[in-house]
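Observations on the three-dimensional arrangement
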Amino acid sequence: MNWDDTAPHSTAEETATGAPDRLVGADADGEDTAVEAALRPKDLEEFVGQERVREQLDLVLRAARARGATADHVLLSGAPGLGKTTLSMIIAAEMGAPIRITSGPAIQHAGDLAAILSSLQEGEVLFLDEIHRMSRPAEEMLYMAMEDFRVDVIVGKGPGATAIPLELPPFTLVGATTRAGLLPPPLRDRFGFTAHMEFYAPAELERVIHRSAGLLDLDIEPEGAAEIAGRSRGTPRIANRLLRRVRDYAQVKADGLITREIASQALGVYEVDARGLDRLDRAVLTALLKLFGGGPVGLSTLAVAVGEERETVEEVAEPFLVREGLLARTPRGRVATPAAWAHLGLVPPQQQAGGSGQQGLFGA
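The sections below set out a description of the structure shown in this document. Source: prediction; values computed, not measured. (Residues numbered from 1 in each chain as written. Predicted model: local features only at pLDDT ≥ 70, side-chain atom pairs only at ≥ 80, totals over all residues. Heavy atoms only, no water.)

Some remarks on the overall build of the chain
- The secondary structure content of the chain amounts to 16 helices and nine strands.
- Per-residue burial over the chain gives 49% buried out of 364 residues.
- Looking at the chain alone, contacts between residues at least 24 apart form 71% of all its contacts between residues at least 6 apart.
- Accessible surface, the chain: about 16500 Å² in total, of which carbon and sulfur atoms supply 52%. (Helix = DSSP H or I, 4+ residues; strand = E, 2+ residues; numbered from the N terminus. Buried < 20%, exposed > 50% of the residue type's maximum accessible area, 1.4 Å probe, protein only. Contact = heavy atoms within 4.5 Å. Areas by Shrake-Rupley, 256 points an atom, 1.4 Å probe, with all protein chains shown as cover.)

Some details on the environment of arginine 237
- The residue arginine 237 is located in helix H10 (residues 236-253) in this model.
- Residue arginine 237 is classed as buried on the basis of its relative accessible area of 2%.
- A C-alpha to C-alpha distance of 9.8 Å links arginine 237 and leucine 205, two positions 32 residues apart in sequence.

Looking at the packing of aromatic side chains
- Summed over all chains, the structure comprises one aromatic pair.
- Arginine 233 extends its terminal NZ or CZ atom over the ring of phenylalanine 320, reaching a point 3.7 Å from the ring centre.
- We note arginine 323 situated over the ring of phenylalanine 199; from NZ or CZ to the ring centre the distance is 3.6 Å. (Phe/Tyr/Trp six-rings, centres within 6.5 Å; stacked < 30°, edge-to-face > 60°. Lys NZ or Arg CZ within 6 Å of the ring centre and 35° of its normal.)

Some points on helix H4 (residues 84-95)
- Between the first and last C-alpha of H4 there are 17 Å, a value that for twelve residues agrees with the 16 Å anticipated at 1.5 Å per step.
- Of all twelve residues that make up H4, nine are buried, and the element is covered over most of its length.
- Close packing links the buried residues of H4 with helix H3 (51-67), strand E1 (74-77), strand E2 (99-103), strand E3 (125-129) and strand E6 (172-177).
- Immediately beyond the C-terminal end of H4, within one or two residues, lies glycine 96, with a positive phi of roughly 65°. (Expected span 1.5 Å × (residues − 1).)

Looking at the nonpolar core
- Core analysis: the largest hydrophobic core is formed by 46 residues, its most contacted members being Leu57, Leu87, Ile209, Ile220, Ile228, Leu243 and Ile258.
- Looking at this core, the element that brings in the most residues is H10, giving seven residues.
- Discounting chain neighbours no more than four positions away, the residues touching isoleucine 209 are Ile220, Ala225, Ile228, Ala229, Ala239 and Leu243.
- One finds Leu113, Met134, Ala138 and Leu142 within the second-largest nonpolar core, a separate group that totals 24 residues. (Core = buried A, V, L, I, M, F, W, Y, C linked by side-chain atoms within 4.5 Å.)

Some thoughts on the pairing of E2
- Summarising the sheet, E2 and E3 pair through five bridges and their orientation is parallel. Counted as the bridge partner of threonine 102 is leucine 128 from E3.
- With helix H5 (residues 110-118) bridging E2 and the parallel E3, this β-α-β connection has right-handed handedness. (Pairing = 2+ DSSP bridges. Right-handed = clockwise from strand over helix to strand, strands pointing away.)

So this is what it looks like as structure tokens:
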């Protein structure tokens, strides 16, 4: 199984949107963090999915070991729950080096970063999660540390301040980000290897689920694993969270064996439908279709109709709905696609010739 840890804190944005509370949310909650350590793969061969990234990273690490040098700095980008933290730990294990884990929001001053860098051992891997949220002064210090393995420590203030150069042992920085576009070009350019983590195919998630079921000593049929994988939104962390909830249902309502029927019934109880939509997703689509005829409708109006904050709809529900082709963001507002009508079993209203509804936005 492959997925990310979260940093040991929750961001204000996550708390505001309530994302960690969703069964199909990609951010890790307390239970996820406790379980993930036991299920995390230890090497690249055991890591499921991300074939291209694995192959490229394997070449980088093998070459570094052959040279007897530290590996190049690595930047991993992609949605939460796809395996960025797992890969950082695998990099350290493959290089036979210790790993230190921190996060961008935890580094608010250059001194915070200097304290971490000055205590690194030679060859150590520094994993910096959500690197795009690091403060600008710390970011500028990181440029020199990555390129020249030294930092300038400022002593004193004002005109009498003095910069004392501090040499650092060679180390490997592994940066992780969910928003690569927010990284400034000078920082991106200093990474020797950059990889983007893709969402998983259902077949890959089935392998993840079977592996996790074996480690958790669960009996699961191939059809049961396929049912869970199809509702996991392409994310291993969600797949394993759903597996644990199906396990609970199977232990209480059945004999412990996870079949397709048991998995479907269990996830029905938790309001995760066959396409991976939960209550919030369906509420957004239902309001868009039934109250506004499929749109276009403004985000604020849609949020009021659903009874959620604007940020919750925009940042929590919409990304998956757009990725699934159920909702479109247009300059005129949010619009439901034909697939949304079909998914909820509704018939779209007849469009008048020259009207302003979906007909004009999607053609025909």
